[in-house]
Amino acid sequence: MSSLDSPLSPTRPKSPWGRFDPYDSAEDQDKEYVGFATLPNQVHRKSVKKGFAFTLMVAGESGLGKSTLVNSLFLTDLYKDRKMLNAEERISQTVEITKHTVAIEEKGVKLKLTIVDTPGFGDAVNNTESWRAVVDYIDQQFEQYFRDESGLNRKNIQDNRVHCCLYFISPFGHGLRPMDVEFMKMLHEKVNIVPVLAKADSLTPLEVRKIKMKIREEIERFDINIYQFPECDSDDEEFKLQHQELKDSVPFTVIGSNVQVESQGRRFRGRQYPWGVVEVENPVHSDFLKLRNMLVRTHMQDLKDVTRETHYENYRAQCIQNMTRMVVKERKRRSEDKLTSSDDHIRLYSALRRMQEVLERIQEQMHHGH
Ligand code: GDP
């Protein structure tokens, strides 16, 4: 096993923006960091003061290491209060969505991280439509946002839209299972899907190469639109190389651990086996660091942009279309119907007025490019 120069600090890819790297100092060499202090490089300074908010969803069969990975990614114990279910409870358990929020701060940069977990998925004997609760959840957040932004109190909108969904694929199958395909297809128009290959420590390097290739091929064959890293038009060769490497890594292999182990005088997050130790942050052992760098250091803002500009915009366009259709229908009915009582008339008329007001406000906003 090759050892790393500095296993406890994040690797330092050259920032694609070529800006100041807040982790690049000698005193940080032996500290554990998540790495989001580079966020100001990704966005306008204005948002720095307010802090950043990011919502990450994890999905996939239960037991694949979702919560362990989240803890490893963000160096927190988000799940300390989790109740373990016994087998019987698990079988009958439906998909239940839980939300954990933590505020973390690194180098003066605040990040409000929300993790949306979909426990139980895949446990029940009948897994048809296991995606439904997740799809509903994502839609509900869009709906809430849509209501708020068309309402009066637009300054203090709480944005709960899901920016990214890490989809866990089992290392024990031979590629994607029908359930994986179905799940991702139901979600891919609504959220940025990043597929990960769970428990990478159970695969040999050759197996990893084969299974990754198979999964990429299946993603293409089944027309699954996973999150696409934005193309770069810069001439920076190193950045281009990094971009290609990132694309070739999909699905990212991951290893999670909630404990630190000690080996050869070093302490690190890892998993101790009778025959050796696997290190979460060792790039030879998995793509964990690549994934974390992508999520927090280089692509967090892009994930938010795509959520807003593509996924949410789709939802909003659909909503406006439905509302317009309803207004037109009501108008037609009003002119055709002989309304019996004046009460009916008033009720209908005010409902129509309200709908029109909302529509006008939305159209006005769209005009102003919000
Ligand atoms: P979840 O149900 O998907 O949230 O899975 P958990 O995070 O609760 O993990 C289930 C079990 O898998 C636990 O015993 C973990 O210690 C173990 N586990 C988690 N991550 C890994 C990993 O990367 N490799 C291996 N071999 N086991 C893991």
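If you're wondering where the values come from, they're calculated on a predicted model, not measured in any experiment.

I'm lost on the pairing of strand β3 (residues 109-117) in this one. Help?
On any regular strand, side chains alternate: one points to one face of the sheet, the next to the other face. For β3, a buried count of seven out of nine residues is recorded, marking the element as mostly surrounded by other parts of the structure. Relative to β3, strand β1 (residues 52-60) runs parallel, the two being bridged by seven bridges. Looking across to β3, one finds that Phe 52 is bridged to Leu 111. Here strand β2 (residues 98-106) pairs with β3 via nine bridges, running antiparallel. Directly across from Ile 104, in β3, lies its bridge partner Leu 111. Turn length for the β2-β3 hairpin, with the two strands adjacent in sequence and antiparallel, is two residues, and the turn residue Lys 107 shows positive phi of about 50°.

Even after reading the chapter, I still don't get the confidence of the model for the protein chain, so can you show me in this structure?
Low pLDDT marks regions whose predicted coordinates should not be analysed in detail. Confidence along the protein chain averages 80 in pLDDT terms, with 74% of residues attaining 70 or more. In the predicted structure, residues 1-19 sits below a pLDDT of 50 and forms 47 contacts with residues beyond four places in sequence or in another chain. Taken together, the stretch residues 81-94 has pLDDT below 50 and engages in 14 contacts with residues farther than four places along the chain or on a different chain.

Would you mind going over the sheet that holds strand β4 (residues 164-169) with me for this structure?
Strand pairing in a sheet is mediated by backbone hydrogen bonds. Such pairs are either parallel or antiparallel. Pairing within the open sheet is mixed, and its six strands lie in the order β2-β3-β1-β4-β5-β6. Since the sheet does not close on itself, it has two edges, and those belong to β2 and β6 (252-253), each with one partner.

How should the sheet that holds strand β7 (residues 260-263) be read in this particular structure?
Strand order in the open sheet made by the three strands is β7-β8-β9, with antiparallel pairing throughout. Sheet topology places β7 and β9 (276-279) at the edges, where each strand pairs with a single neighbour. This sheet shows a mean twist of 70° between the axes of neighbouring strands, independent of strand direction. The sheet contact formed by β7 and strand β8 (residues 266-273) spans four bridges and is antiparallel. Within β8, the residue paired with Gln 260 across the bridge is Arg 269.

Is there a simple way to think about the UniProt feature "site: Important for dimerization" (unreviewed entry) in the protein chain in this case?
UniProt records the feature "site: Important for dimerization" (unreviewed entry) for Phe 172 in the present numbering. Along the polypeptide, Phe 172 turns up in the loop between β4 and α6 (178-187).

Looking at this model, I keep getting lost on unusual backbone geometry. Mind explaining?
In most cases, non-glycine residues show a negative phi, while peptide bonds are predominantly trans. For the peptide bond that leads from Val 250 to Pro 251, omega is -5°, which places it in the cis range. Note that Pro 251 resides in the loop between α8 (237-249) and β6. Here Lys 199, not a glycine, exhibits a phi torsion of approximately 45°, which is positive. Position of Lys 199 among the secondary structure elements: in the loop between β5 (193-197) and α7 (205-221). Within the chain, Asp 223 stands out as a residue other than glycine whose phi angle is a positive 55°. Along the polypeptide, Asp 223 turns up in the loop between α7 and α8.

How should the environment of Gly 65 be read in this particular structure?
Note that Gly 65 resides in the loop between β1 and α3 (66-74). A residue is classified by how much of its surface remains accessible, and Gly 65, at 21% relative accessible area, is partly exposed. C-alpha of Gly 65 to C-alpha of Ala 198: the two residues are 133 residues apart in sequence and 6.9 Å apart in space. Setting aside its immediate chain neighbours within four residues, Gly 65 contacts Phe 168 and Lys 199.

Rules behind the numbers
- Residues numbered from 1 in each chain as written.
- Predicted model: local features only at pLDDT ≥ 70, side-chain atom pairs only at ≥ 80, totals over all residues.
- Heavy atoms only, no water.
- Buried < 20%, exposed > 50% of the residue type's maximum accessible area, 1.4 Å probe, protein only.
- Helix = DSSP H or I, 4+ residues; strand = E, 2+ residues; numbered from the N terminus.
- Pairing = 2+ DSSP bridges.
- pLDDT = per-residue confidence, 0-100.
- Contact = heavy atoms within 4.5 Å.
- Axes fitted to C-alpha atoms, helices over the stretch in contact; angles between N-to-C directions.
- UniProt positions renumbered as here; feature names shortened; annotations may be inferred.

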